[in-house]
Amino acid sequence: MKTILVTGGAGFIGSHTCVELLQNGYRICVVDNFCNSSPATLDAIHEITGKYFPSYNCDLIDEKALAQVFQEEKIDAVIHFAGLKAVGESVQKPTLYYRNNVTGTLNLLEQMEQNGVRRLVFSSSATVYGENNPIPYKEDMPTGQTTNPYGTTKAMIEQILRDLCQSDSRWSTMLLRYFNPIGAHPSGLIGEDPNGIPNNLMPYIMRVAQGTLPYLNIFGNDYPTKDGTGVRDYIHVCDLAVGHVKALNALFAQEGASVYNLGTGQGSSVLEVVKTFEQESGVPVPYQFAPRRAGDLPEYFADASKAMQELGWQAQFTLADMCRDSWNFIKMKSPSERELVAK
Ligand code: NAD
Ligand code: UFG
């Protein structure tokens, strides 16, 4: 049985991927410093899968602690989710982002090299396509015209990984460019619930539906899109998790660096997301139109055909599934709901 080190395994996408790995015959160990997650998520992964696994409260910046993990575990490959991801914060605190994301990755790669572990799946982002590419985005389009330090860390790490594979044929990496992950595990035990006021659309809709925030600001209704609001390729986090397992399986049989979009290939507008959520939950989401958000693009979505042809992966869940599962997770977090479900 192969052992996969999952960095950032307590986070939103990492936790769902841990479940999928455990359910597909992989052994895992998790490294996370819990700067944007909680150890309780690891208990929830155990609750869903019935499987135990080792975890380390370790910051990738801490080289000694990371070296200790590689001494204790016999690792076959790494899936690297750990990183900071708030676009706005990255503009305010660029050095924090370069240090955490780029230096953290370099530390990880050095430990991998020293221990002869040379297979890595990396969490990249559609943001690397920048502002100038036509839609849908295809993997062979030029990248790197990023508009914020967060996106630049992703483009830089992609380049580092390509250089590494070029320098030594024993290295093999998968660069996975995610579009907009939402949804939650159908159990309602793991999902996304950021601290503070959310930046992203679905967590914000959840707060409005819960009554914690009064209304949603829809940033722009005059874009050249189907209804004037921004269009994105929303993908269920469980589909994304399956994509990682498919990519990992292929990683063991490939050489060099490969890149795949993980999206559905379908664009949905902000208004479509709001309406679909209302239909699925039965809960109204008051909204008002607000000015465009700086840095937002009008519309983008994936050309998802390469992952289908080469990995045999295709997203299965609909936008309605994503809205239902996001809401189920938020409802399950309230103690009264959990008691009801338990009865
Ligand atoms: P998340 O914040 O929920 O998960 C990231 C995890 O990494 C957290 O548990 C955090 O505590 C941990 N972490 C951060 N820095 C660390 C460090 N230095 N050492 C150890 N642990 C550290 O985010 P997510 O949504 O699950 O995203 C996972 C990855 O996917 C990130 O790299 C993110 O940039 C990328 N990504 C996310 C999205 C998205 O919209 N969610 C889109 C594209 C790419
Ligand atoms: N939006 C609103 N109101 C809100 C929040 C968002 O109208 O309160 C709109 C945005 O303007 C955009 C859409 O909803 O049109 C999606 O916005 P998100 O903030 O949810 O997501 P982004 O597409 O801006 O970016 C996300 C991640 C990035 C990642 C990118 C990959 O935040 O880190 O997806 O496609 F790089």
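Residues numbered from 1 in each chain as written. Chains lettered and ligands numbered in written order. Predicted model: local features only at pLDDT ≥ 70, side-chain atom pairs only at ≥ 80, totals over all residues. Heavy atoms only, no water.

Undergrad: Explain the sheet that holds strand β1 (residues 3-7) here, please?
TA: The pairing of strands in a sheet happens through backbone hydrogen bonds and is either parallel or antiparallel. The parallel open sheet is built from 7 strands, whose spatial order is β3-β2-β1-β4-β5-β6-β11. Across the chains shown, the open sheet's two edge strands, defined by having one partner strand only, are β3 (55-57) and β11 (256-262). Between one strand axis and the next, the sheet turns by 15° as a mean value, whatever way the strands run. Sheet analysis places strand β4 (residues 77-80) next to strand β5 (residues 119-125), joined by 3 bridges and oriented parallel. Looking at β5, one finds that histidine 80 is bridged to phenylalanine 122. Contacting β1, β2 (27-32), β4 and β6 (172-178), helix α1 (residues 12-22) runs over the sheet at an angle of about 165° to β2. (Pairing = 2+ DSSP bridges. Helix = DSSP H or I, 4+ residues; strand = E, 2+ residues; numbered from the N terminus. Axes fitted to C-alpha atoms, helices over the stretch in contact; angles between N-to-C directions. Contact = heavy atoms within 4.5 Å.)

Undergrad: How should I be thinking about the site of ligand 2 in this particular structure?
TA: The immediate surroundings of ligand 2 are formed by 24 residues, with Ser125, Asn217, Arg232, Arg293 and Asp296 found nearest. Between asparagine 180 and ligand 2, the recorded distance is 3.0 Å, taken from a side-chain N or O atom to an oxygen atom. For ligand 2, whose unbound accessible area comes to 690 Å², protein coverage reaches 90%. Listing elements by their share of the shell around ligand 2, those giving two or more residues are α7 (201-210) and β8 (216-219). Tallying contributions element by element places β8 first for the shell around ligand 2, with 4 residues. Residue composition of the shell around ligand 2, by class: 13 nonpolar, 7 polar and 4 charged. (Near = heavy atom within 4 Å. Polar contact = N/O pair within 3.5 Å; in protein donor to acceptor, adjacent residues only side chain to side chain. Areas by Shrake-Rupley, 256 points an atom, 1.4 Å probe, with all protein chains shown as cover. Nonpolar A, V, L, I, M, F, W, Y, C, P; charged D, E, K, R; others polar.)

Undergrad: I would appreciate a short explanation of the layout of surface pockets in the present structure.
TA: Empty space among the atoms becomes visible once a probe the size of a water molecule is rolled across them. One number sums up the size of the second largest pocket: a volume of about 230 Å³. Along the wall of the second largest pocket there are 15 residues; nearest its centre are Gly263, Thr264, Gln266, Ala315 and Phe317. Put simply, the parts of the chain that give the lining of the second largest pocket at least two residues each are α10 (305-311) and α11 (319-333). Tallied by class, residues from the lining of the second largest pocket come to 8 nonpolar, 7 polar and no charged. (1 Å grid on protein atoms, 1.4 Å probe; cavity = no way out; pocket = protein on both sides within 12 Å on 5 of 7 lines; lining within 4 Å. Points joined across faces, edges and corners; volume = space filled by probe spheres on them.)

Undergrad: What am I meant to see in the pattern of salt bridges here?
TA: When the charged atoms of two side chains lie near each other, side chains of opposite charge can form a pair. Tallying each qualifying case throughout the model produces 16 salt bridges. A salt bridge links aspartate 303 to lysine 138, with the nearest nitrogen and oxygen atoms 3.3 Å apart. Here aspartate 303, found in the loop between β13 (287-290) and α10, pairs with lysine 138, found in the loop between β5 and α6 (149-167); they are 165 residues apart in sequence, far enough to count as distant. Judged by its relative accessible area of 16%, aspartate 303 falls in the buried class. One salt bridge in this structure joins arginine 170 and aspartate 168, with 2.9 Å as the shortest N-O distance. Overlapping salt bridges, with partners in common, bring together Glu158, Arg162 and Arg177 in one network. (Salt bridge = Lys/Arg side-chain N within 4 Å of Asp/Glu carboxyl O. Buried < 20%, exposed > 50% of the residue type's maximum accessible area, 1.4 Å probe, protein only.)

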